[in-house]
Each structure stands twice: as C-alpha cells, then as structure tokens.
Amino acid sequence: MSTVLIIEQILNGLQFGVMLFLMAAGLTLIFGVMGLINLAHGSLYMVGAFAAAAVAASTGSFLLALAASLAAAAIVGAVVELVVIRRLYDRDHLDQVLATFALILIFSESTRWLFGSFPLFLDVPKALSGTVTLPGGIAYSSYRLMIILVGVAVAIGLFLLISKTRIGMRIRAGENDREMIGALGVDISKLYTLVFALGAALAGLSGALVGAIQSVQVGMGEPVLILAFVVIVIGGIGSIKGALVGALLVGLTDTLGRVMLPLFFANFMEQSSATSVGSSLASMSIYILMAAVLIFKPTGLFGRA
Amino acid sequence: MPDIVLNIQNISKSFGALKASDGVSLDLREGEIHALIGPNGAGKSTLISQVAGKLKPDTGKIDLLGSDVTKLSIAERAKLGLGRTFQISELAMDYTVLENVMLGALGKRGGAFRFFMPVMKDAELRECAQSAIERVGLSRHMHKITSELSHGQRRQLEVAVALTLEPKVFLMDEPMAGMGAEGSKMLTGFLDDLRQQAPILLVEHDMDAVFALADRISVLVYGKVIATGNVDFIRNHDEVRRAYLGEEAT
Amino acid sequence: MALLKISDIQASYGASQALFGIDLEVGDGEVVALMGRNGMGKSTTIKVICRLLKNSSGTIDFAGVSIAKLPAHRVARMGIGLCPESRRCFSNLTVYENLVAASRSGEWDFERVIELFPRLGERRNQYANSLSGGEQQMLAISRALMTNPRLLILDEATEGLAPVVRQEIWAAISKLKAETGLSILVVDKTIAELANVADRAVILERGKSVWSGDFTALTPEISEQYLGV
Amino acid sequence: EGHGKLKVGMITTLSGGGAGLGIDVRDGFMLAIKESGNDNVEVVIEDDQQKPDIAVQLADKMIQSEKVDVMTGIIWSNLAMAVVPSAVAQGKFYLSPNAGPSALAGKACNPNYFNVAWQNDNLHEAAGAYATESGLNNSFIMAPNYPAGQDALNGYKRFYKGELAGEVFTKLGQTDYAAEIAQIRASGADSVYFFLPGGMGISFMKQYAGSGVDIPLIGPAFSFDQGILQAVGDAALGVKNTSQWGKDLDNETNVAFVKTFQAEYGRLPSLYASQGFDTANLLLSAMGKADVKDADAFRAALKEADFKSTRGNFSFGNNHHPIQDIYVREVIKEGDVFTNKIIGTALEDHADAFATECDM
Amino acid sequence: MISERFLNYTVALLILGMALGAWAMDEPFLITLTTKAVILALAGVGLNLALGQGGLISLGHAAFFGLGGYAMGVLASHAQNFTPIMETPFLIEGTNSMPIIWLVAIVVSSFFAFVIGLFSLRTSGVYFIMVTLAFGQMLYYFSISWPAYGGEDGLSIYVRNSFPGLNTLDPIQFFGICFVVLMVVIYGVNRLTHSSFGLALNGARQNAQRIRTVGLNPFKIQLVAFTISGAITGLAGALFADLNRFISPTMFSWQTSGEIMVFIILGGVARLYGPVVGAALFILLEHWLGGLSEFWHIYLGVILLSVVLFARGGLIGALSKKENTNA
Ligand SMILES: Nc1ncnc2c1ncn2[C@@H]1O[C@H](COP(=O)(O)OP(=O)(O)OP(=O)(O)O)[C@@H](O)[C@H]1O
Ligand SMILES: Nc1ncnc2c1ncn2[C@@H]1O[C@H](COP(=O)(O)OP(=O)(O)OP(=O)(O)O)[C@@H](O)[C@H]1O
Ligand SMILES: [Mg+2]
Ligand SMILES: [Mg+2]
C-alpha cells in the first residue's frame with residue numbers, strides 16, 4: 001500500500017472519528033454528564049434525520065432542513081423529558097434502560113407509521129457536493145470536511161459549556177446529588193429539561209448531517225447508539241475530551257482495521273480467506289479496543305474513579 | 001518488644017506534590033489506646049487507609065502482629081485481625097442492622113462460600129452478631145434498614161460490625177463524630193473497656209474523649225509526627241496547642 | 001417578627017413517622033440551637049424546613065410567607081442556606097466548582113470564603129471526594145454561605161473539625177451575627193461552644209419539641225434529662 | 001375452481017428496518033389473490049421481525065395451530081434456513097418469494113420446496129456475465145462479511161472472466177465507506193461490483209457519488225429496488241444492475257400488474273412485489289389443477305409452473321428453482337421518479353449452479 | 001397487597017396450568033409458547049443472580065445464552081451428520097443426548113463467564129455494562145463470520161435431542177423437562193440467595209468496601225456469582241436451541257442480552273420470580289399484540305413504559321410487599 005493511501009486512510013479514520021463524536025455528542029451530555037442511560041438517543045438521531053429529509057423534500061433548502069432537525073429533535077427531547085425521563089432520575093439505571101428501550105419501540109414504529117417503510121431521500125447540498133484537493137493531492141469530499149468542522153466546533157462548545165460555565169457545574173452537581181443542588185437553590189428540573197433538549201438537538205443535528213451521506217431509514221439510530229456508547233466509555237464517562245479522543249481512536253481502529261487486517265492475513269493465507277478472516281477480526285476490533293482500554297483503565301481514558 | 005501489635009515504620013505517601021504522610025513512624029501496644037490527632041488534612045485518614053490496606057504507601061513498612069503486611073490486601077489484613085471503622089460510614093445501606101453485622105460475623109468465620117444453608121438461621125453467627133449489636137446499644141433497631149438510621153445510629157452500627165470481627169487491633173477513624181453528647185459519653189466508656197480486648201489506634205477530634213481515653217497521643221501535622229506522649233505532655237505542648245488545640249486546652 | 005416559624009409539624013419517611021409535632025421559631029438575627037439525642041428528629045426537622053421532605057401536617061412560614069407548598073429550590077432562593085449532615089459535597093466537582101455551582105450574588109463570594117477557610121484555597125482544584133473529612137466539612141459550610149442566605153442552617157457542621165478550626169468557625173459565626181444580622185439554626189453536640197453563640201435552644205425528643213427557651217435557661221438538669229449529659 | 005380450500009401461512013418481515021421488503025411481498029401476493037377472485041384461499045400473515053427464532057415460533061404456530069397447507073413469505077436467507085427444512089419435513093409446501101440459499105437448491109433440496117424468486121447467486125452470476133461481456137476485465141468486488149455476501153462474490157466470480165483489482169468484505173450494517181472508496185480509487189479498477197443490501201447500499205452510493213471517483217458501478221437489483229432508489233437519488237443514475245424482472249418488461253401480465261399494483265397501493269411495484277405476485281399466481285395455478293390434500297398431485301401441479309409470470313417465461317429446474325432470463329437494467333429518472341430501464345439480457349434461461357447437487 | 005411467596009406459587013401454577021390446559025385442548029402451539037417463556041425465564045433467572053443479587057448489570061449475557069445454544073448445535077449437528085467434532089489428539093463425537101448437551105453447555109458457558117468475569121469485574125457501574133457488551137459483541141461477530149456452523153445463516157437441527165425415557169418431540173413432554181429444570185434452578189437460586197454467599201454477594205453490591213473490611217474478597221464473590229449466572233443462562237441457551245431446533249448468531253446479539261434484561265426489570269429486579277413473570281408477560285404481549293396491527297411495537301412500547309413509570313419494582317414489586325429477608 002502506498003504512503004499516500006495510508007495517509008488517506010488515516011485521514012478517513014480521523015474523519016470517521018469526528019463523525020462518531022458528532023453522533024456521540026448529545027449522548028455525552030445526557031449520559032456522561034447527567035448520568036442518564038438514554039437508549040432512545042438513536043431515536044432522536046433518527047428524528048433529526050427524518051425531519052431534515054421531510055423539510056428538504058418540501059423546501060429544497062439544506063439549511064432549513066438542518067434547522068428543522070435541530071428544532072424537531074429538541075422539541076421531541078423536551079417533551080420526552082417532561083413526560084417520561086424526569087420520573088427516572090432518582091431510579092436506578094435499570095429502570096432507565098427499560099423505559100428508554102420502550103421509547104425506541106414507540107419512536108421507530110411511529111416514524112414508520114408516519115413516513116412508511118422505505119428509506120427517505122436526503123442529499124448533501126449542491127454547494128458541498130464536490131471534492132476539495134488536500135495537500136498531497138488527495139481529493140476529499142467537501143461535505144465531509146464540513147462535518148469535521150462542525151464536529152470540532154461542537155466538541156469545543158460542549159467542552160466549554162460543561163467545564164467552564166456555571167450551568168455546566170450545576171449540571172454535573174445535579175448528577176452527583178440532585179436533592180442537594182436543589183436545596184442550594186438551583187431549579188434542577190428545568191435545567192435538566194433544557195440539557196436534555198440540547199442533547200436531543202445535537203443528536204438530531206448529527207442525524208441530519210450524517211444522514212445526508214448515509215441512509216435515512218427507520219432503525220438507523222440503533223447501530224449509532226452502540227457506537228456512541230462505546231466512544232463515551234472508552235473516553236471516560238463525563239469527559240468531553242475523552243469522548244473526542246475515544247471517537248478518534250474508534251474511528252482509526254475501525255478504519256485501519258478494515259483496511260490493514262486483510263492485508264496482514266494475506267501474508268500467511270490465500271487472498272480470499274485472508275479477506276474474510278481479516279474483516280471478521282476487523283468487525284470485532286472496536287470491541288476489542290474497548291475491552292482492552294477498560295481492562296487497563298477501568299474508568300476509561302479520561303474518566304475519574 | 002513483644003507487646004507491640006502494630007508497628008508503622010517510616011511510611012511516606014504523596015498525592016502529586018502533596019506529602020500526605022511524610023516519614024511517619026508509630027506503634028501500638030497491647031492494651032493501649034493510642035490517639036492520633038492533628039489538624040484537618042494532616043494525613044490521619046490517609047495513614048489509617050495505609051494501615052488498613054486501602055492505600056499503598058510509597059515507602060515504608062507496616063508490621064501487624066509480627067508479620068509484614070505492607071503488601072497484603074484489605075481483606076487479608078482484616079483476616080489477620082485488623083478491624084476498622086470509617087470516618088464516613090461504609091455500610092450496606094439496603095441491609096438491616098442485623099444483616100450488616102452478620103456480614104462481620106461471616107468475615108470472622110473466614111469465608112462466604114457456603115451456598116445452601118440459610119445464613120440468617122445460623123445460630124452461631126447470629127449470636128455473635130446480636131451480642132455486638134447489644135454492646136453498642138442498637139438492639140432496639142436490629143431489624144431497621146440501615147438507610148433509615150439516623151447519622152449517629154449509623155456510627156454505632158459501624159462499631160458493631162468491627163466488633164464482630166473480634167479483631168486483635170482496632171483502627172477507628174473519628175468514631176465519636178455525629179454521636180451526640182450522650183452517645184460520645186457512652187462510646188467513651190465502651191472504648192475504655194474495649195482496649196483490654198484489643199488495642200486501638202484512634203483518630204478523633206473530640207478532645208474530651210481523647211484526653212479521657214488515650215494512653216499515648218501522637219500529633220500529626222502536614223504528614224509528620226511532631227509529638228508523641230501522654231495526655232499531659234500533649235496538652236501542654238506549645239506547638240500542638242498552636243497548630244491544633246487552640247485555646248481549648250487551657 | 002420571626003424569620004422562620006414552624007408549628008406542629010408532623011412528617012414521615014414512607015410508612016414510618018419521624019416527627020410528631022415540632023414547634024420552632026428563629027427570629028431575625030437570632031442563633032437557635034436545635035438539640036436532642038441521636039435519632040430524635042433534628043435532621044428530619046431540617047429536611048422539612050428545606051423542603052427535602054414533605055410534612056404531613058403543620059405550617060412553615062419563612063419571612064412571612066408559607067413555604068410548605070414550595071419546591072426546595074424556591075425555598076433556598078428565598079434565603080435558606082443549608083449545610084447538611086454528612087456534608088454531601090459534590091464529589092465529582094472541584095472545590096472551586098462546588099462553590100461556584102452554589103453561588104448567588106451577595107457579600108459572600110469565593111474570595112471571602114477562602115479568607116474564612118484558607119485551606120480550601122490551597123485545595124481549589126482538587127475534587128471534593130479526595131478532600132480530607134474536615135476539608136469537606138469546610139467546603140460544605142462555605143457552599144451554604146455562597147448562597148448568601150438570610151437563614152443559615154448548620155447540621156453538625158463542626159463534626160470532624162480540629163478544635164482550632166471549630167473555634168474559628170464559632171468566632172466567625174458570632175461575628176456574622178453581630179455584623180450582618182444573619183439568622184442561624186444550628187445542630188451541634190458541643191454545648192459548651194454553643195453557649196457562646198446561641199441565643200435560644202429547642203430540644204427534641206422522639207420527634208417532638210419538648211423544651212425551648214433561652215440558652216442560658218438550659219440548666220444541667222434539663223441537659224441531663226433530655227441530652228443525657 | 002372447485003378443488004377445495006387451501007390455507008396459506010405467510011411469515012414475513014413487517015416491522016423494523018427490513019419491513020419494506022416484506023410489505024412488498026405481502027402486497028404483491030395479496031393483489032394476485034384478490035385479482036383471482038378465488039375465495040377458497042385463506043391467508044394467515046405474521047410478522048417475523050426479521051428474527052430467526054420468532055420465525056421458527058411462527059412456523060410452529062402455522063403448522064400446529066393454524067394447520068396451514070402451504071407456507072411462504074420469508075425474505076431473509078437465514079430465516080429461511082431456520083424455517084424451511086423443518087416445515088417441509090413436516091409435509092408442508094413452502095413457496096419462497098425471495099430467499100434462495102444455496103443449501104436448499106443443492107444438497108438439501110426438497111420436493112415440497114419451490115423457489116419462485118431466484119437462487120441467491122443468480123443475479124450476481126448475471127452481473128459477472130454482463131461484466132465479462134462488456135469487456136470489463138479488472139473488477140473491484142465488495143460485499144458484507146456474511147454467508148450471503150460470500151455467496152454474492154462467489155456468484156460473480158463464477159461468470160466473470162477478468163482480473164480482480166480488489167476483493168473486500170465490509171462489516172454487516174456498515175455505514176461509512178470512505179476507506180473502501182479510497183481503496184477503490186487506488187486500485188485502478190475498471191468497474192466496481194458491489195452487493196450491499198438495504199441501507200448499506202444507499203450509504204455506499206451516496207458516499208461514492210460524493211467522492212469524485214468515477215469508476216462505473218454494477219450491482220444486483222437489490223440495491224436498486226424501487227423503494228431504495230428514491231432514497232439514493234441522483235447518485236444512482238446510470239448504474240447498471242441485474243434483475244430477473246423490470247417494471248418495463250413488456251409482457252401482458254407485467255403491464256397489467258404494474259398498473260393494478262399502482263392503482264391499488266399508490267406506489268410503483270418493486271422486484272419483491274413482483275415476486276410476491278408470481279408466488280401467489282403459481283399457487284393459484286396449482287390449486288386449479290389439484291387439491292392440496294393430494295400432495296403428489298399438488299406438487300406436480302406446482303412443478304408445471306403453469307401460470308403467467310410477470311417475468312415472461314418461467315419454469316422450474318429439477319431442484320424446483322427457476323429457470324429464467326436475467327436482464328441488465330440501468331437506473332434512469334422518469335419525471336420525478338427514479339426507476340430502472342432494461343437495457344439487455346445478461347443470461348438466458350439461466351438455472352443455478354447447485355441444481356446438479358440436488359438428487360430430485 | 002399479597003405476599004411475594006404466594007404470588008410466586010401462583011405464577012408457577014399458572015404456567016403449569018397454561019401448558020396443561022393447552023395440552024388438554026390440543027393446542028400444541030400454546031404449549032410451545034409457554035415452553036419458550038419458561039426457557040427465557042430460565043435465562044433471566046441466570047442473569048438476575050448477577051444483576052439483581054450482585055448488582056452486576058451485564059449486557060453480555062447473550063454470550064452465554066449463545067454459547068449454550070451453540071454447544072447444543074455443534075454437538076447435535078455432528079451427531080446428525082455422523083462426523084466427529086475432533087479426532088486428534090483424542091476423539092470427540094457429537095451427541096443427541098440432552099443431559100450431556102446440558103452438561104457441555106454449562107461447562108462451556110461457565111468457563112466463558114469465568115474468563116469474561118475475570119476481566120470485566122475490574123470495572124464497575126456503566127463500565128461493567130459496556131465491557132460485558134464488548135465481549136458479547138466479539139462472540140456475536142465471531143459467530144457471524146465463522147463459516148463452520150452456518151455463520152449468519154445459523155444451523156438447523158432436524159430432530160430434537162433425546163432425553164432418557166421421554167419423547168422430547170411431544171410438546172408437553174418437552175415442556176415438562178424445561179419446567180422442571182426451571183423449578184430446580186429457582187429452588188437452588190433461592191437457597192443461594194439466603195445463604196452466606198448470598199448475604200455477602202448482596203453486601204458486595206451495596207458496598208464493596210464494607211465487604212473487604214470484614215475480610216471477605218468481593219471480587220471472588222462476584223466472580224463466582226457471575227460464573228454461576230453464566231452457567232444458568234447457558235443452560236437456558238441449550239434448551240432454547242432445542243426448542244427451536246435451530247441456532248443462529250442472533251442468540252449472541254446485544255438485543256438478546258437486552259431482552260433478557262427487560263424480562264427482569266419488567267418482573268422485578270432481584271425478585272425470585274421476577275424473570276419468570278417478566279418473560280411470561282413479554283411473550284404474551286408479543287404474541288397477542290403481534291396480531292393487532294402492523295405497528296404493534298408502539299403498543300408494546302407504551303405498555304412497557306407504563307410498567308416502568310407506574311409499577312415500581314416491576315410487576316412483582318407492584319403486586320406484593322417485600323418479603324422480610326430475615327424471616
Ligand atoms: N486522592 C487524593 N488526591 C489528592 N489529595 C488527597 C487525596 N486524598 C487525600 N488527599 C489530601 O491529603 C491530605 C490528607 O488527607 P487526610 O484525609 O489524610 O486528612 P485527615 O488528617 O484525615 O484530615 P481530617 O481530620 O480533616 O479528616 C488532605 O489535604 C487531602 O486533601
Ligand atoms: N431516610 C430515612 N428513612 C426512614 N427513617 C429515617 C430516615 N432518616 C431518618 N429516619 C428515622 O427518623 C428518626 C429521626 O432521624 P433524624 O435523622 O432526624 O435524627 P437526628 O436527631 O438528626 O439524629 P442524629 O443526631 O443521629 O443525626 C430516626 O429514628 C431515624 O431512624
Ligand atoms: Mg480524616
Ligand atoms: Mg442528624
């Protein structure tokens with residue numbers, strides 16, 4: 001494999017990582033910072049993508065579509081928080097698992113009921129549909145470059161929000177002891193509704209952004225959910241920096257694993273089975289990564305005990 | 001010196017730039033209460049944690065009943081006969097008082113790997129647990145869930161669990177805290193007797209109790225022992241008064 | 001006029017009743033000691049005042065307003081600052097963050113709190129769960145002050161503090177009382193030290209307020225009877 | 001048609017991500033039943049949720065409680081493998097409207113099992129044949145790493161005579177193909193053959209279109225189905241794909257089918273709908289000739305395949321799998337709708353490669 | 001409010017009655033359905049030991065369920081094809097005998113549970129959930145791409161395995177086997193819960209520090225519990241494979257782990273019969289709602305949601321008062 005191709009694949013891995021971060025961003029907030037296991041995160045991702053597809057289809061504007069994805073997911077998120085989630089904060093994780101699992105069922109089938117069983121169309125905007133040439137002569141999709149920029153911006157924004165602002169401190173305090181932060185005069189319920197809506201909006205935004213280069217369909221959120229959990233856990237729960245590093249690691253491992261492992265095995269077996277064995281191992285690679293990280297650092301890379 | 005049951009030799013422990021233990025040497029002898037006092041953050045709990053095995057010292061050595069335990073785990077040290085209470089209660093909060101104490105009794109028996117016989121019907125264990133509960137005065141609350149106990153009651157429970165282990169050495173981190181005036185008085189009397197059963201390394205900010213109980217007192221400041229001696233010696237030690245006691249001793 | 005006035009409060013934890021009739025008043029600028037043996041309902045009374053536990057009957061007025069129906073955060077914003085039993089510092093936040101999370105504008109701010117407890121300044125960026133017990137206690141007191149309350153509630157706030165520090169805190173409290181007219185409701189076991197600051201005392205027994213009066217009227221006989229010392 | 005009642009049990013995927021296919025099969029099937037006006041057929045429909053164990057339970061239910069005579073409906077090969085062998089072993093007829101795993105065409109073929117769609121490899125074989133015929137001799141081939149994916153690449157290679165520029169197995173359910181696209185770009189291939197069913201194909205084609213790589217794509221019909229094309233949009237235009245059916249196939253049955261399906265359901269029929277429709281018509285044709293209680297006669301009637309297929313000529317080989325033409329289609333835009341146009345025939349009267357292993 | 005013990009007996013009798021009633025009315029499918037509930041309940045009882053008693057929230061129990069299933073699949077398929085599993089260094093042949101298959105399933109899954117536990121128990125809380133998930137996913141992807149036993153397609157076994165003296169192909173007899181296994185396991189788990197081990201295990205869940213301080217090793221205790229738990233779930237996997245006469249990688253999928261967990265939460269975490277009630281209810285809903293509408297998952301979701309929101313402690317928790325463990 002040529003050096004340029006290797007560099008390109010590393011770039012691909014990094015961009016996949018940033019994309020993963022974008023998908024995990026909302027979850028970092030809800031799960032990492034608020035301490036709520038929200039399996040329905042993938043559903044909010046789907047809501048964003050569907051809202052964007054619907055608005056794009058009727059207005060033709062990608063910007064409006066993005067706005068719609070933010071708004072729809074935020075509204076759905078706020079409603080879900082008010083109706084369901086707020087009853088779950090003082091429950092243990094298991095009740096949260098069951099309730100949000102139920103939400104997945106409701107969301108997926110309602111979406112199918114509203115939009116039908118077929119995937120929807122959502123395309124990248126014309127202005128970003130081409131490629132740009134990076135130094136070294138690599139042609140790179142401009143849309144993906146835009147996703148990277150948005151992802152990095154979200155990472156920085158979230159980091160500042162959580163670790164530097166008073167709101168961020170209160171959210172984290174609420175995760176530790178809700179009753180106590182209330183007794184200190186913080187309306188934690190309202191704060192949590194807002195945070196949940198923000199997390200949902202981020203999920204929705206990433207659904208729309210990533211949906212444009214993937215398939216907008218019912219169930220699109222579920223693989224994302226697992227990946228996002230993996231990313232956050234590798235990075236260490238509650239740490240935005242960790243989530244970003246985790247996402248990049250997962251992106252690199254997955255991409256390079258897919259590319260390199262078959263080549264590696266081709267050294268000792270014939271092509272066809274090398275491809276097959278290599279890609280089998282590649283599909284396990286991120287889980288092996290996660291297990292390895294946790295075995296050596298039981299609270300993730302940047303997590304605190 | 002055969003009567004030294006716990007010998008802490010030149011222990012050091014740092015957290016980053018902070019030296020929480022700085023060359024601490026201490027011993028505890030048969031039949032005595034050795035009080036460890038010092039300002040907040042002086043490193044008392046850190047020292048206790050190292051003796052109990054929760055933290056590993058950076059350097060130094062700890063001998064318990066004549067054997068080197070520096071490398072042993074918490075559970076192994078407990079098995080050797082080390083009993084401890086915590087500064088902030090560590091209890092199984094969903095369990096009743098009795099169940100919590102039964103855990104201690106199980107530990108005393110030396111293993112939990114019995115899978116079939118109902119443990120709460122085990123007369124031997126129950127006896128052991130109930131007598132400990134009685135000794136700390138919690139009998140009335142035996143079947144109460146721990147999370148429903150008041151703060152002070154939890155402290156009593158903590159002592160009861162340690163008692164069931166019939167330890168040969170006690171580590172107690174602020175047992176009086178939260179006990180209330182009457183509770184403290186009762187506990188003081190109780191510890192007074194207990195020292196015959198097993199010597200106690202006692203961390204406490206309640207000076208009434210310390211002065212009433214301690215055979216010897218060591219003062220820890222910034223991770224260093226600055227003075228060791230009997231009650232009068234410490235009470236009148238200038239540096240100790242400045243750093244720790246304030247006007248109280250006068 | 002009384003800043004805080006509660007009368008005939010009853011309250012339960014689930015099925016088990018803990019309070020059977022509490023009457024209590026804290027006047028403006030007054031320091032009131034709440035006393036009683038272990039498990040008699042001191043902390044429960046405080047929880048009811050701070051709306052962390054609902055009372056089943058009785059009235060609670062703060063600054064002339066009934067607060068029995070308000071959520072905890074509203075009551076806190078009206079000016080009740082709580083330093084709870086067993087500290088409850090936010091263990092996943094640093095010292096600084098603990099304080100900022102609680103702060104509301106007023107004369108107490110980070111700088112002033114650090115003056116009171118220099119130790120916290122040294123530990124500024126340390127996570128609360130790695131603080132020593134006494135340091136956590138200082139943090140909990142400071143955190144309550146950061147809300148700039150009119151009524152400060154200290155539930156065993158000097159537990160685990162070195163005698164010097166305790167003396168400093170009592171001195172600070174006396175000073176506060178004198179200078180700012182802060183009202184304080186305090187639970188503490190050291191009667192001797194309370195005597196220097198407390199104006200009045202209320203004694204609880206089995207969930208009932210059984211004695212109240214000027215602190216000076218708290219004779220050894222009464223202590224013996226209700227507090228066991 | 002006086003040959004008595006017949007009960008059909010249809011197990012298909014009606015909920016979750018793969019529901020589109022099951023719904024099309026069901027709708028096509030029910031359209032044929034409705035058009036026939038034959039009220040001796042009773043159809044029981046159940047949703048397998050695309051889970052093998054649920055499918056097995058449902059099959060038990062159909063056989064034990066509903067006492068159906070004929071079963072059909074399963075979309076996925078792995079579900080078919082879970083249900084079919086035991087259903088036919090219990091004497092039921094099974095008509096496959098979609099899945100065609102190689103085992104059931106070869107060694108494990110069964111007199112009571114009829115496949116009305118294709119053997120899994122067929123469309124891939126046709127693609128290989130088409131590539132060879134078009135003078136392509138350096139293909140990059142790609143499929144997910146699971147049995148159907150491995151079959152797909154093997155099928156392609158069976159009829160493709162050129163070199164391979166690369167062979168890649170992706171992860172099942174993969175959504176990002178940047179790495180594969182980079183490999184394709186670097187491989188110097190003259191064509192890319194890919195089998196990525198469902199959302200995987202949509203993602204791949206969108207990303208491929210955005211990558212600026214312009215090596216021509218070829219695929220099996222599954223990724224170019226009516227339901228999927230609309231979601232891919234322009235990115236699919238011009239792509240060649242192989243199929244045994246097209247909506248523009250010019251025979252009487254098909255023209256009528258396309259029209260009535262559209263009228264009935266308000267959408268264009270898909271490949272799967274046509275297969276469901278054909279399956280029902282096969283069944284109806286057999287019912288006209290024999291009573292299902294007379295298994296031998298009924299089996300013989302099925303074997304004749306005496307029905308008007310939307311595909312034109314249709315017959316069964318020894319292993320009860322289709323012998324049929326497989327076409328090459330191109331994705332075009334008709335007004336606002338993306339659809340396929342047949343541009344040629346890849347393989348004529350094609351039977352599958354496993355028929356010889358079947359001793360029927 | 002009724003006592004939990006009474007409720008438990010009622011549930012056991014209801015299940016038995018259901019199967020016998022279906023048998024009397026000649027509704028074999030209903031028996032099959034009940035059997036399925038019983039088997040899944042068994043898997044839940046296994047997980048509940050780790051999750052309810054030990055607080056070890058494993059999202060990887062599908063691994064053991066799948067291993068049990070594949071133990072059955074591998075042994076039975078070799079027996080079916082008369083090919084040995086292994087010839088060197090010594091000969092291992094397939095088998096059709098249920099008891100042997102169970103034994104293998106238990107040994108294999110407890111071995112894996114031990115190894116997985118050894119690594120996973122270093123972590124706790126959500127990290128534990130995710131490491132167990134990771135191990136489950138590794139096995140899942142392995143089973144998909146391992147061609148020998150069908151890969152993603154799975155593997156069919158044409159006849160159900162045999163049990164000495166019984167005709168396992170008769171639904172009611174097979175039900176009987178599964179029901180007895182479930183009852184025996186529940187009895188064992190109940191004894192274990194109230195034993196010294198149970199006390200320590202529950203204590204370790206609440207406060208591991210406390211357990212250490214009394215001289216017990218929470219890691220060992222949890223590892224043993226996790227291993228037993230995996231073994232029970234593995235046994236359930238073998239039975240499940242036999243029920244369907246089919247195995248596939250979906251047995252390993254995280255959705256399977258999730259479903260087993262849902263049974264437990266639905267019925268009541270740490271309740272002896274929690275998984276039984278949960279599994280029975282889930283199967284009932286799935287079966288009954290499935291016929292109502294194409295969009296029946298919406299109803300299922302709403303029902304599950306209502307249970308969590310309004311029935312704290314699951315169904316058993318809502319219906320009964322907590323039994324005093326000291327009784
Ligand atoms: N994990 C840690 N990381 C950083 N600093 C720590 C850690 N644990 C303890 N410390 C610091 O070490 C010093 C000693 O703490 P320790 O708990 O031993 O004090 P102590 O003497 O018990 O005080 P107190 O009487 O207030 O309980 C404190 O300043 C504390 O903040
Ligand atoms: N969370 C709870 N659930 C149930 N009962 C409780 C709970 N907390 C306290 N109690 C009970 O209520 C009574 C009063 O407890 P409270 O904590 O108010 O006592 P206290 O006077 O503050 O005692 P202490 O001096 O020990 O802190 C006690 O008998 C206690 O057992
Ligand atoms: Mg300390
Ligand atoms: Mg109290």
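This one's a predicted model, so the numbers in the text were calculated from it and none came from an experiment.

Rules used in this analysis
- Residues numbered from 1 in each chain as written.
- Chains lettered and ligands numbered in written order.
- Predicted model: local features only at pLDDT ≥ 70, side-chain atom pairs only at ≥ 80, totals over all residues.
- Heavy atoms only, no water.
- UniProt positions renumbered as here; feature names shortened; annotations may be inferred.
- Helix = DSSP H or I, 4+ residues; strand = E, 2+ residues; numbered from the N terminus.
- Donors = N, O, S within 2.8 Å, 3.2 Å for Na, K, Ca; no water.
- Buried < 20%, exposed > 50% of the residue type's maximum accessible area, 1.4 Å probe, protein only.
- Pairing = 2+ DSSP bridges.
- Axes fitted to C-alpha atoms, helices over the stretch in contact; angles between N-to-C directions.
- Contact = heavy atoms within 4.5 Å.
- Buried area = accessible area lost by both parts, 1.4 Å probe.
- Salt bridge = Lys/Arg side-chain N within 4 Å of Asp/Glu carboxyl O.
- Polar contact = N/O pair within 3.5 Å; in protein donor to acceptor, adjacent residues only side chain to side chain.
- Nonpolar A, V, L, I, M, F, W, Y, C, P; charged D, E, K, R; others polar.

Asks: In this structure, what is going on with the UniProt feature "transmembrane region" (unreviewed entry) in chain A? I would like to understand it.
Replies: Residues and elements named next belong to chain A. Using the residue numbers shown here, the UniProt feature "transmembrane region" (unreviewed entry) corresponds to residues 16–37, 44–64, 70–89, 101–122, 142–162, 191–213, 225–252 and 273–296. Helix makes up 70% of residues 70–89 and strand 0%, and the two end C-alpha atoms of the span are 24 Å apart. Secondary structure content for residues 225–252 is 86% helix and 0% strand, while the C-alpha to C-alpha distance between its ends is 19 Å.

Asks: Mind showing me how you'd approach the coordination of the magnesium ion (ligand 4) here?
Replies: Each pair of donors in an ideal octahedron of six around a metal sits at 90 or 180 degrees, and each pair in an ideal tetrahedron of four sits at 109.5 degrees. Residues and elements named next belong to chain C. Protein ligation of the magnesium ion (ligand 4) involves Ser43 (OG) and Glu85 (OE), the donor distances falling in the range 1.9 to 2.0 Å. Taken as a pair, Ser43 in helix α1 (residues 42–49) and Glu85 in the loop between β6 (80–83) and α3 (95–102) lie far apart in primary sequence, 42 residues in all. Across the pair, exposure class does not vary: Ser43 and Glu85 are buried alike.

Asks: Can you walk me through the sheet that holds strand β2 (residues 41–47) of chain D in this structure?
Replies: Strand pairing in a sheet relies on backbone hydrogen bonds. The paired strands run either parallel or antiparallel. All names here are of chain D. Read across the open sheet, the 5 strands follow the order β2-β1-β3-β4-β5; overall the sheet is parallel. Edge positions in the sheet fall to β2 and β5 (113–115), since each has one partner strand and no second. With direction set aside, neighbouring strand axes in the sheet form an average angle of 20°. Note: strand β1 (residues 6–12) against strand β3 (residues 70–72), 3 bridges, orientation parallel. Its bridge partner being in β3, Gly9 is matched across the sheet by Met71. On top of the sheet, helix α11 (residues 271–289) reaches β1, β2, β3 and β4 (93–96); it is set at about 145° to β4, its chief contact.

Asks: How should the arrangement of the chains be read in this particular structure?
Replies: A comparison of contact numbers over the 6 pairs of chains in contact places chains B and E at the top. Chain D makes no contact with chain C, the minimum C-alpha separation between the two being 36 Å. Regarding chain C and chain E, which are not in contact, the minimum distance between any of their C-alpha atoms is 13 Å.

Asks: Just checking my understanding: could you explain the interface of chain B and chain E for this structure?
Replies: Often, the extent of an interface is quoted as the loss of accessible area on bringing the components together. Contact residues are listed per partner, giving 39 residues for chain B and 31 residues for chain E. Counting each side, the surface lost to burial between chain B and chain E is near 3000 Å², with a carbon and sulfur contribution of 62%. Taken together, chain B and chain E are joined by 1 salt bridge. The residue Asp94 of chain B makes a salt bridge to Arg205 of chain E at a minimum N-O spacing of 3.5 Å. For the pair chain B and chain E, the number of links is 14 residue pairs in polar contact (both at pLDDT 80 or more). Contributing elements (two or more residues each) for the side of chain B that touches chain E: α2 (74–80), β6 (82–85), α3 (97–109) and α5 (151–164) of chain B. Per-element tally for the side of chain B that touches chain E: the top contributor is α3 of chain B, with 9 residues. Tallied by class, residues from the side of chain B that touches chain E come to 22 nonpolar, 6 polar and 11 charged.

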